[in-house]
Amino acid sequence: MTNAHPTSPLPELKPQEIPFDDPRSDCRFQPGPKPFLATPAAIESYGNDVIVGCLLRLQDFAKEHDGIDYLQVFTDASKAEPLWFIEDGDGGAITALLPSDY
C-alpha cells in the first residue's frame, strides 16, 4: 500500500455503535507492530489510495476521541458494500475488508 493521500473524496465514516467513553472504545488503528492488511475485494472495490486515506482518517479520529471502537465503517453510495476496518486485540492486525469477506 502507498502512503499517498487519495485523489478522490473519502467515503463517509458512519457513527460507531458504542459510546466513546466506553472502555471498549480504545483502539488506535496504528499500524507498526500490528500488521495492516486489506482484502483483495476491498482493494478492488475501493482502491489502495482510498483505503490508506480512510486509515489515516481513523488514526486522526482515534486521537481526537482518545480511542475508538474496534469496528469502523465507511460507506459510499456508488459501491455495492461498505468498507469495514477491524482492529483486532493484542497480537492481531488491522484489516480493511468488505462485509462479504467476513
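Above: the structure in question.
Residues numbered from 1 in each chain as written. Predicted model: local features only at pLDDT ≥ 70, side-chain atom pairs only at ≥ 80, totals over all residues. Heavy atoms only, no water.

Could you give me a rundown of the state of the cysteines, with the residues and numbers involved?
Summed over the entire model, instances satisfying the criterion amount to zero disulfides. Cysteine Cys27 is unpaired, with the sulfur of Cys54 as its nearest cysteine sulfur at 17 Å. Judged by relative accessible area, which is 0%, Cys54 ranks as buried. (Disulfide = S-S within 2.5 Å. Buried < 20%, exposed > 50% of the residue type's maximum accessible area, 1.4 Å probe, protein only.)

How would you sum up the pairing of strand S4 (residues 83-87)? Please name residues and give values.
A large share of S4 lies buried, amounting to five of its five residues. Every second residue of S4 is oriented toward a common face, with Leu83, Phe85 and Glu87 on one face and Trp84 and Ile86 on the other, all of them buried. Summarising the sheet, strand S3 (residues 71-75) and S4 pair through four bridges and their orientation is antiparallel. Bridge pairing in S4 links Gln72 to Phe85. Bridging between S4 and strand S5 (residues 94-97) involves four bridges; their strand directions are antiparallel. In the strand pairing of S5, Ile86 is matched with Thr95. Two successive antiparallel strands, S4 and S5, enclose a turn made up of six residues, where Gly91 displays a positive phi of approximately 80°. (Helix = DSSP H or I, 4+ residues; strand = E, 2+ residues; numbered from the N terminus. Pairing = 2+ DSSP bridges.)

Provide a residue-level description of the sheet that holds strand S1 (residues 12-13), including the pertinent values.
The strand order S1-S3-S4-S5-S2 describes an open sheet built from five strands, whose pairing is mixed. Looking at which strands have only one partner, the edges of the open sheet turn out to be S1 and strand S2 (36-38). The pairing of S2 with S5 spans three bridges and is classified as parallel. Note that in S5 the partner of Leu37 across the bridge is Thr95. Docked against the sheet, helix H2 (residues 48-65) engages S1, S2, S3, S4 and S5, running at close to 50° with respect to S4. (Contact = heavy atoms within 4.5 Å. Axes fitted to C-alpha atoms, helices over the stretch in contact; angles between N-to-C directions.)

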